[in-house]
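# Commentary on secondary and tertiary structure
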Amino acid sequence: MKYAFYPGCVAKGGCPELYSAACKVAEKLDIELEEMSDVACTGAGCMPTQLSDPINARTFAKAEQMGLPIMTICSTCQGVFSQANHRLQDAEYREEINREYLAEEGLSYQGTTEVKHMLWVLFEDYGIEKLKALIERPLNGLRVSPFYGCFLRRPGNIMVPTKDVGARRGYLEDLTQILGAENVDISGKTKCCGFPILTANEEASLGMVAKHAGESSQKGADCMVTPCPLCHLNLDGNQPRAEGQTGEKIDLPIIHLPQLVGLALGFNTDEMQLGRHIVSTKAVNDKVDMLT
Amino acid sequence: MPQYDVLVIGGGASGLRAAIAAKRAGASVAVLSKVHPLRTNSALSPGGLNAPLGNDDSAEKFAQDIRNAGDGLCDTEAVNILAADAAREVVWLERVGVPFNRNAEGRIDCRPLGSSSVSRAAYADDRTGHMVLHVLHEQFQREDIPCFAERFVTSLIQDGGVCTGAVALGHRSGQLETFGAGAVILATGGATQLYRPCTSAVGTTGDGLMLAHDLGVGLVDLEMVQFHPTVYSAARTALISEAALGAGAKLVNAAGDKLVNAGGLSRAQLAAEVHKAGQNGGGPVSLDLRPVDNLASRFPAAAEVVRLMAGIDITKDPVPVQPVAHRPMGGIEANAAGETSVAGLYAVGECAHNGLNGAGRLPGNTLTEAVVFGRRVGEAAAAHAKSAGAADAGGSQAAQDGERLAEITSGGTSGDTIGAVHRELGELMNANLGVSRTDAGLAEAQDKIRALRERHAALRVNNKSRIYNYALAGYIELGNLLKLAEATALAARGRAESRGAHLRSDHPEKDDSNWKAHTVVRSQDGSPKLDTRAVSA
Amino acid sequence: MEVTYKVHRKDPENGGESSYSTYQVELPEDATVLDGLQKIRDEQDDTLAFRASCCQGSCGECAVRINYKAQFTCTTRIGDVTKKAPEILLDPVRNIPVIKDLVFDMDRFTWNKMAAMKPWMEPDDEFAPTENLVPESEMADVRKTMSCHACSLCDEGCAVLPVNFDFLGPAAMVKGYRFVMDPRETGAKMEARMKVVEQPQGLWDCVHCYEADGKCPRGLTPSSKIMEIRDVAFKEGIKHEKVGRHHASFINSVKQTGWLDERKLVMETEGMTNVTGLMKLLPTAVRALRRGKMPGRHEKRPGADQIKRILEKAEDSK
Ligand SMILES: Cc1cc2nc3c(=O)[nH]c(=O)nc-3n(C[C@H](O)[C@H](O)[C@H](O)COP(=O)(O)OP(=O)(O)OC[C@H]3O[C@@H](n4cnc5c(N)ncnc54)[C@H](O)[C@@H]3O)c2cc1C
Ligand code: SF4
Ligand code: SF4
Ligand code: SF4
Ligand code: FES
């Protein structure tokens, strides 16, 4: 089982703990990762599709050459990739991009590259039974709020395109429980974290952080788990400022998806680098440590 | 008290067009409407608006088609104005944003509609009224005209034979508000809620007709009510544009045989054919839209409304249809400039009778009428207001209306309800003043309407609040409908002939010697009196 | 069949507290939720306030939440509701001040926001004798978009509005789209139009969460439309100052190194001379440093030159 690994900029920049957790977990699960290091940022929705489609076509072409599907660990990367790949299924459009942009480098994208977020890989490729068998430390008693954010779910026709993958709508809750943790549902789990408007309207953005993290905290969760480092950056990094805005304490650790899996697979909290988060993860550490 | 040069009552296509024109003519203007402008009946018309834009068309041909459809009752001035101005208005609508469908040259495409001799209906898919209304509302906002939406007008104010304003119940404020004006334009739409079933929105209750009637203004040709031939109707109704017939849809009887060649038939004739086929035990008539090319993209509104209301997919199955009460031709007596017999009071659009529509309207003319005459009447009212100057509307009418509302809300009634009376009225109108009428049926209707009026008079509303009290509004609306029904039955009984939309099975022939004339109903000592007036050549 | 309605009540003249009234109504199987409401008002409780106009799903007036889902009462069959739940629960739509019962503040919810889009054309040649010549292919999408009936069901589902009520919302943005895409507005008009669309609380306040796409009864995919306007904004040059700096910095970073330099992005977005903006970032930065979370050295990637070449060529092909 092997993937062309696309960690994305955030995992290599602001959230290095995500990168290392993903690599460790993959190794433990015997998922081989070949990192793509000579490809561009996806554009993250901050570029017009006119610019981002060609550079993403280039990334897909490279993976096609490697003969591997792409694995992402960032919902935003996944979302942008999936949408681009969707457009690139149009043969005429694809050929135009090949001709105009990729040919010079001797590349050409045939439209065959599959792109999957690690969460999907676990359920759809790896297999939940296999994963279960490897769990060394069921996270019994840990109360976790799954938080999808936007891009793993919408637009629905692209992210959850068929009935076959309809279960995608519940992967995060399922996984939480499979890992032994308790699922603490919040109403905004598929809503936006607010990151995209941090620039244009900081107040509203922080308002979203307060809303989601606040609800989870009120419902007694120990932490939130998210498949998207941008959600993490906002929910974790800006939580103190969101608290400042509302004047209410939240204090909710935000865990990356691979970190949660890693803890259940037996890694300790240091190995998963929980100490790198802005909001202290002490409550989580303590509970996990109790589980031996 | 807010005071404007021109007060427009009604936020449909005609009211908005009139307001824009009056403002541009230099008047201060405000619009009052029971519902927000974008929720009016005007949003529902699918088919198109007529304008002689094509190379093979002309104002003369257009005027001739209007006269043919009007079956002898058109007044010439209004016909000529519409035919002459239509193209200019439609081009203006395009310039300010209506996304008309285009032909191969990129010009406005025209399609065949009803009995027009050439393809003359400019259209925007089958959502023409919606698009026209929304664009008019855009331009209305551009002119920065105050819009008092959710204001229910309860009275016009008259002072020495001059109309000086209106009183309205603000749904939100719960207050009776007085608006003073140099000129008042009624653009209150029709009265199709007289019938059950009917094609129109819930507020289509003839309020404007009764407001004018109460000031002594005549109501003309009320017996002329157009039935739309292709309406799905069960518990709910869904109108399918007649343009579908022009595009290849077929009317078939229960046996699956093609019913008629729709081409060339007037709407009234078509409605009569569908009605007859349905009556003769032939079983329900269906409209089969499947022969239309690119059906779903050309008729998205029909597809939507039939899916929602009937649960039928028009691309897969034929739709059972019947003629359903649609739009009156008659209305408030006005001339082509919208002037009524009361100084300062104007009427335009579906509520008005200016002589354009005669005994039968050419399909696709209502929207054109709304914009062409909306503009003219807006300009005329602005000019009048300038010369008349501001009059004092006073507060006594509001006080009087306050007492009336208090009386209506003075306690509950048991047993009978507003809804029950309205339902019985609608069914009665449909049976006795429907596609086909007889003297006996009309006489019976008169008696029954009288009885319904008594029941209405005995009803009271329990809800004493004035805030969003829709029961109170419904009570007043039903009162208007009942009075209008009485006047309509009177006119229909008087016209002892068959002409246009008025089919009398006991007088099947047209009688030009006696009845090439308008019926006019006026209020005299509180009851309706029937009169006639010659058609003006 | 007998159906139970549970309806949100609020009486502004009596304290304005929210509560619920329950009614039993006898209705035919295929009745709509609106039929039942009308029957209740007529026969049981004439104080009940709710809006409706066309009764055929065409005017946008009757939106409420039916068992938590915002829909039209006039097109929803009671049978489809009672199939899934024992009663029909009616609430006003979310995110919005309620006036009475199911009647909410449409002015603030919809009309004022749409008006903020300056939704009208001001053509120079308004009274030209003939129409604009436009190919049908360019008109079709605008026309479809204009079928929006301002029901605001999309606003009801928006992710931003619950935390920022002043956001203009997807319905207003769909109105904006109709003008941005209209082939009859070009040049300086287009320029002015983009300024309006990019106003504060407008285009750039959308989090592109795609929530609204599934909510529109006319199938207009409002969220995707916003993304299309963004694409136009990128092409025309972003008018929103801060967002413009952010995106320019983003693209530059990717051009220079193939990937994103988050530190530079933050600094350049706030503007190098925007001292207050930078000061605000300080607490975050300090905390991040302490946790070892500041992005490390940013190195040029292999392939960066190819990426730059592609981006520059794509930019030129505007
Ligand atoms: C289903 C349907 C299909 C149609 N198809 C076509 C077609 O294809 N082609 C065509 O040309 N025409 C068609 N028509 C007719 C056309 O839509 C209408 O005749 C036209 O829109 C009427 O416009 P209006 O402005 O006069 O009235 P309306 O649009 O009815 O507006 C009336 C206004 O008056 C207000 N009002 C009424 N009473 C009061 C009061 N007491 N206080 C305050 N305000 C009040 C209302 O709130 C509203 O704002 C159709 C109509 C319907 C219902
Ligand atoms: S989307 Fe984010 S994480 Fe993904 S490559 Fe780009 S900036 Fe980086
Ligand atoms: S995409 Fe934007 S406008 Fe649409 S729902 Fe999300 S935040 Fe709201
Ligand atoms: S875009 Fe759709 S959901 Fe939004 S207001 Fe318009 S019609 Fe309603
Ligand atoms: S009443 Fe018009 S959409 Fe429901």
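Residues numbered from 1 in each chain as written. Chains lettered and ligands numbered in written order. Predicted model: local features only at pLDDT ≥ 70, side-chain atom pairs only at ≥ 80, totals over all residues. Heavy atoms only, no water.

## Some details on the overall build of chain A
Per the secondary structure count, chain A includes 14 helices and 8 strands. Looking at the 292 residues of chain A, the share that counts as buried comes to 64%. Of the contacts made within chain A by residues no fewer than 6 positions apart, 78% connect residues no fewer than 24 positions apart. For chain A, the accessible surface area stands at approximately 10,000 Å², while carbon and sulfur atoms represent 47% of it. (Helix = DSSP H or I, 4+ residues; strand = E, 2+ residues; numbered from the N terminus. Buried < 20%, exposed > 50% of the residue type's maximum accessible area, 1.4 Å probe, protein only. Contact = heavy atoms within 4.5 Å. Areas by Shrake-Rupley, 256 points an atom, 1.4 Å probe, with all protein chains shown as cover.)

## A look at the overall build of chain C
Secondary structure summary: chain C contains 12 helices and 7 strands in total. For 318 residues, the compact-globule formula gives about 20 Å, and the C-alpha radius of gyration of chain C, at 25 Å, lies well above that figure. The C-alpha extent of chain C, read off along each of the three principal axes, is 75 × 65 × 35 Å. Scored against the burial criterion, the 318 residues of chain C give a buried share of 59%. (Rg over C-alpha atoms; globule rule 2.2 N^0.38 Å.)

## Things to note about the domain arrangement of chain A
All names here are of chain A. Along its sequence, chain A is carved into domain 1 (2-117) and domain 2 (135-291). Listed by partner, the interface residues are 23 residues for domain 1 and 27 residues for domain 2. At the boundary of domain 1 with domain 2, total buried surface from both sides reaches about 2,100 Å², with 74% on carbon and sulfur atoms. At the boundary of domain 1 and domain 2, one finds 1 salt bridge. Across the pair Lys-28 and Glu-136 runs a salt bridge, and its minimum N-O distance is 3.3 Å. Our count for the domain 1 to domain 2 interface comes out at 7 residue pairs in polar contact (both at pLDDT 80 or more). Broken down by secondary-structure element, the contributors of at least two residues to the side of domain 1 that touches domain 2 are α2 (16-29), α4 (75-87) and β4 (115-117). (Domains from an automatic or database assignment. Buried area = accessible area lost by both parts, 1.4 Å probe. Salt bridge = Lys/Arg side-chain N within 4 Å of Asp/Glu carboxyl O. Polar contact = N/O pair within 3.5 Å; in protein donor to acceptor, adjacent residues only side chain to side chain.)

## Some points on the interface of chain B and chain C
Contacts between the two partners involve 59 residues from chain B and, on the opposite side, 68 residues from chain C. When chain B packs against chain C, the two sides together hide about 5,300 Å² of surface, and 47% of this comes from carbon and sulfur. Considering only the surface of chain B that becomes buried against chain C, Arg-39, Arg-95 and Arg-236 of chain B emerge as the three largest contributors, covering 16% of it. The tally of links from chain B across to chain C stands at 15 salt bridges. The partner of Arg-143 of chain C in a salt bridge is Asp-125 of chain B, and the shortest N-O contact between them spans 3.0 Å. Across the contact surface, chain B and chain C share 50 residue pairs in polar contact (both at pLDDT 80 or more). The set of elements that each furnish at least two residues to the side of chain B that touches chain C consists of α3 (76-95), α4 (128-142), α9 (300-310), α12 (418-432) and α14 (470-494) of chain B. Per element, the largest residue contribution to the side of chain B that touches chain C is 8 residues, and it comes from α4 of chain B.

## Considerations on the pairing of strand β15 (residues 319-328) of chain B
All names here are of chain B. The buried fraction of β15 amounts to 8 of the 10 residues, a majority that puts the element mostly inside the structure. Bridge analysis of strand β11 (residues 225-233) against β15 gives 5 bridges, and the strand direction is antiparallel. Opposite Gln-226, over in β15, you have Arg-327 as the bridge partner. With 3 bridges connecting them, strand β14 (residues 285-288) and β15 associate as antiparallel partners. For Ser-286, the partnering residue across the bridge sits in β15 and is Pro-320. (Pairing = 2+ DSSP bridges.)

## Looking at the nonpolar core
Core analysis: the largest hydrophobic core is formed by 112 residues, its most contacted members being Val-6 of chain B together with Tyr-5 and Leu-90 of chain C. Core analysis: the second largest hydrophobic core is formed by 71 residues, Ala-22, Phe-123, Ile-186 and Ala-213 of chain A among them. (Core = buried A, V, L, I, M, F, W, Y, C linked by side-chain atoms within 4.5 Å.)

## Some remarks on the sheet that holds strand β19 (residues 517-524) of chain B
All names here are of chain B. Reading across from one edge, β18-β16-β10-β19-β20 is the order of the 5 strands in this open sheet, with mixed pairing throughout. Sheet topology places β18 (352-353) and β20 (527-534) at the edges, where each strand pairs with a single neighbour. Two strands pair when backbone bridges link them, and strand β16 (residues 331-333) and β18 are joined in this way by 2 bridges, in the parallel orientation. When the bridges of β18 are listed, Glu-333 appears paired with His-353. Where helix α5 (residues 207-214) meets the sheet, it contacts β10 (219-220), β16 and β19, and its direction lies at approximately 30 degrees from that of β16. Strand contacts of α14: β10, β19 and β20, with the helix running at about 45 degrees to β20, the strand carrying the most contacts. (Axes fitted to C-alpha atoms, helices over the stretch in contact; angles between N-to-C directions.)

## Structural notes on the packing of helix α4 (residues 136-146) of chain C against helix α6 (residues 169-180) of chain C
Residues and elements named next belong to chain C. Put simply, α4 and α6 touch, their axes get as near as 9 Å, and they point 155 degrees apart. Our classification of the angle between α4 and α6 gives roughly antiparallel. Every pair of crossing elements has a handedness; the one defined by α4 and α6 is left-handed. Along its contact with α4, which presents Asp-141, Val-142, Thr-145 and Met-146, the element α6 presents Val-174, Tyr-177 and Arg-178. Of the residues in the contact of α4 with α6, the class split is 4 nonpolar, 1 polar and 2 charged. (Parallel < 35°, antiparallel > 145°, perpendicular 65-115°, else oblique. Left-handed = near helix turned anticlockwise from the far one by under 90°. Nonpolar A, V, L, I, M, F, W, Y, C, P; charged D, E, K, R; others polar.)

## Side note on the environment of Thr-128 of chain B
Residue and element names in this part refer to chain B. Tracing the sequence through the fold places Thr-128 in helix α4. Each C-alpha atom of the pair Thr-128 and Gly-54 lies 18 Å from the other, and the pair is 74 residues apart in sequence. Those residues in contact with Thr-128 that lie beyond four places of it in its chain are Ser-45, Pro-46, Gly-47, Gly-48, Leu-49, Ala-122, Tyr-123 and Leu-367.

## Digging into the domain arrangement of chain C
Residue and element names in this part refer to chain C. Taken domain by domain, chain C comprises domain 1 (2-104), domain 2 (106-236) and domain 3 (241-317). Here domain 1 and domain 2 have C-alpha centroids that lie 30 Å from each other. Carbon and sulfur atoms make up 60% of the surface buried where domain 1 meets domain 2, a total of about 1,300 Å² over both sides. Connecting domain 1 to domain 2 are 2 salt bridges. Connecting domain 1 to domain 2 are 3 residue pairs in polar contact (both at pLDDT 80 or more). Sort the elements by how many residues they give to the side of domain 1 that touches domain 2 and strand β4 (residues 69-72) lands first, with 3 residues.

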